[in-house]
Amino acid sequence: MKSVYERVIARDPDQPEFHQAVEEVLDSLAPVIEDNPDYMDVVMGMVEPERVMQFRVPWYDDDGKLHVNRGFRVQFNSAIGPYKGGLRFHPSVNLSILKFLAFEQVFKNSLTGLPMGGGKGGSDFDPKGKSDSEVRRFCQSFMSELWRHIGADLDVPAGDIGVGGREIGYLFGMYRKLANEFTGVLTGKGISYGGSLIRPEATGYGLVYFAREMLSAKGKSFDGATVAISGSGNVAQFACEKVLDLGGKPVTMSDSGGYIHDPTGIDRDKLSWIMDLKNKSRGRIKEYAERFDGVEYTESEPEPNLNKLWGTKVDVALPCATQNEINGDEAKMLVDGGAIAVAEGANMPCTPEAVEVFLKNGILFAPGKASNAGGVATSGLEMSQNSLRMSWSREEVDQKLEGIMVNIHKNAFDTAERYGMPGNYVAGANIAGFLKVAEATTAQGIL
Ligand code: NDP
Ligand code: 2IT
């Protein structure tokens, strides 16, 4: 196992996020390889993407000035289904980040029980501060290259940071024009052109369904629990909504500028105000503290300063912004504040040191590849509806989503127990996700 990891580092020494994601999975797989040494060959292949595309994305801003961004699609693993995973538009996007996300996606998609392989893509384009027409021109230019690499039975992208309903609409329109076909090549589409009800809500709802299961296994619940949420985008907003449904009290939200702490709780009216602020006027979370009384706003400080959001005294933490947003010291702040559970809404928001702090202190910890799988699971349901040329009701989709999250929890829980690590959802999720892909890869002759 060590030699596989060393080779990953030697091949791409400048990809720290990818190394981090691989190391965590390899650490978990040792007992599996002990049981089945033949799976070592599968592991050797699994750390290398099947295919990576990088391309130029030129576009003109509203003043007629040319910008040239970089576009990517990482097609990591298609052993159990077509590549599936989101597109991220953020200035930090590079191959290390997309490879880590695509690698995680392979295990996550396997855990959903649906036939989806893993992929991820995106661009270093920053949608912040851009006009609608600039975003449209960028999306059209991006798709003018991406379209030849994707397809409903080949690779089905969706949203992620900086890519929501608006961007998926522009991307889908351009694909339809270039490919001259109307297929379910993207998920997260609008309802009027093949989208699934509940897809926008799915990641946040699924996260809270998973956390509910984890709490309930310890005889606890969200009822009356104080909850820290980071981020204020798609995942954070609907996590907040579902926490309210279950009787919890969300008290924080953030964006890259800083965080708000509302000790009286973010109720439904305030959440609806946040949704308008973020999804319509594309404003900053700081404005919440100007709009509502008794709210404290704390500006982000440059690293290595600690993010004080995690010093808020809460029962449950749901990091829903981005990777590595909770380090070891910030994890200790949560533990000292009395937190009993942490569930990752974002992908890899907790560093390995943070995860160690949680596990050592007996904090319930849900890794993103299990707890945020509701988004891609519902994307899988959107693909099914598109193939059937049918659409299911809100209740039907929500029920299926909840069933999938309950199953993922059970699978991760039982697998951890079976391998002698009871309560360790990291090991349980990594092993359970791996086993299905390993079996499929072996059956197909390790290509
Ligand atoms: P959005 O773009 O809707 O929201 C992202 C939020 O996180 C914003 O509040 C943003 O603030 C904040 N954020 C992003 N990057 C940073 C950063 N570098 N530092 C501080 N804050 C940051 O994205 P999503 O809600 O869709 O995604 C959030 C996380 O959830 C990501 O890790 C994503 O990979 C993961 N995820 C998303 C799924 C989905 O279905 N959308 C499914 C599974 C996981 P600002 O606006 O200031 O940038
Ligand atoms: O990280 C993720 O799982 C997503 N961004 C959702 C991917 C999808 O295909 O719905």
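If you're wondering where the values come from, they're calculated on a predicted model, not measured in any experiment.

So, the packing of helix α2 (residues 16-35) against helix α4 (residues 95-111)
Helix packing geometry: the angle between the two helix axes and the distance between the axes.
Argument step 1. The interhelical angle for the contact between α2 and α4, taken along N-to-C directions, is 25°, at an axis separation of 6 Å. As far as their axial angle goes, α4 and α2 are roughly parallel. Within the contact between the two elements, α2 uses P16, E17, F18, A21, V22 and V25 and α4 uses S96, I97, K99, F100, F103, E104 and F107.
Argument step 2. Within the contact of α2 with α4, the residues separate by chemical class into 9 nonpolar, 1 polar and 3 charged.

Some words on the sheet that holds strand β5 (residues 155-158)
Argument step 1. Read across the sheet, 5 strands follow the order β1-β2-β4-β3-β5 without closing on themselves; strand pairing throughout is mixed. For this open sheet the edge positions go to β1 (51-60) and β5, each flanked by a neighbour on one side alone. Mean inter-strand twist for the sheet, computed between neighbouring axes without regard to direction, equals 20°.
Argument step 2. Where strand β3 (residues 83-89) meets strand β4 (residues 117-123), 5 bridges bridge the pair, whose relative direction is parallel. Bridge assignment links K84 to a residue of β4, and that residue is G118.

Some details on the packing of α4 against helix α16 (residues 425-443)
Argument step 1. Viewed as axis vectors pointing N to C, α4 and α16 meet at an angle of 85°, and their least axial separation amounts to 8 Å. Between α4 and α16, the interaxial angle falls into the category roughly perpendicular. When α4 is examined against α16, the residues V106, F107, S110 and L111 are found in contact with a partner set consisting of A429, N430, A432, G433, F434, K436 and V437.
Argument step 2. Here the residues of the contact of α4 with α16 sort into 7 nonpolar, 3 polar and 1 charged.

Focus: the site of ligand 2
Argument step 1. In the neighbourhood of ligand 2, 14 residues make up the surrounding shell, with K84, K108, K120, D160 and S379 lying closest.
Argument step 2. At 3.0 Å, a side-chain N or O of K120 approaches an oxygen atom of ligand 2.
Argument step 3. For ligand 2, an oxygen atom lies 3.0 Å from a polar atom in the side chain of R199.
Argument step 4. Protein contacts shield 94% of the accessible area of ligand 2, which totals 300 Å² for the unbound molecule.
Argument step 5. Looking at the shell around ligand 2, the elements that each hand over two or more residues are β3, α4 and α14 (374-388).

Criteria and cut-off values
By convention here, each chain's residues receive numbers from 1 onward along its written sequence. Here every chain gets a letter starting at A, and every ligand a number starting at 1, in the order they are written. For a predicted model such as this one, the threshold for reporting local features is a pLDDT of at least 70, and the threshold for listing and counting side-chain atom pairs is 80 or more; totals across whole chains, interfaces and linings nevertheless cover every residue. Hydrogen atoms and water are omitted, and side-chain values are computed over all heavy atoms in the structure. A fitted line through C-alpha atoms represents every axis, and for helices the fit uses only the stretch in contact; the resulting angles, taken between N-to-C directions, go from 0 to 180 degrees. Strands here are runs of E lasting at least two residues and helices are runs of H or I lasting at least four, both read from the DSSP assignment and numbered beginning at the N terminus. When describing relative orientation, an angle under 35 degrees is termed roughly parallel and one over 145 degrees roughly antiparallel, while 65 to 115 degrees is termed roughly perpendicular and anything else oblique. The criterion used for residue contact is that any of the two residues' heavy atoms lie within 4.5 Å. Under the convention adopted here, Pro, Cys and the residues Ala, Val, Leu, Ile, Met, Phe, Trp and Tyr are nonpolar, Asp, Glu, Lys and Arg are charged, and Gly plus all remaining residues are polar. Note on pairing: two strands pair once DSSP finds at least 2 bridges between them. Throughout this document, a residue counts as near a molecule or strand when at least one of its heavy atoms sits within 4 Å of that molecule or strand. Think of a polar contact as two N or O atoms within 3.5 Å of one another; within protein, one of them needs to be a possible hydrogen donor and the other a possible acceptor, and neighboring residues in sequence only count if both atoms come from side chains. Here, Shrake-Rupley sampling with a 1.4 Å probe gives the accessible areas, and only protein chains in the shown set may cover a residue.

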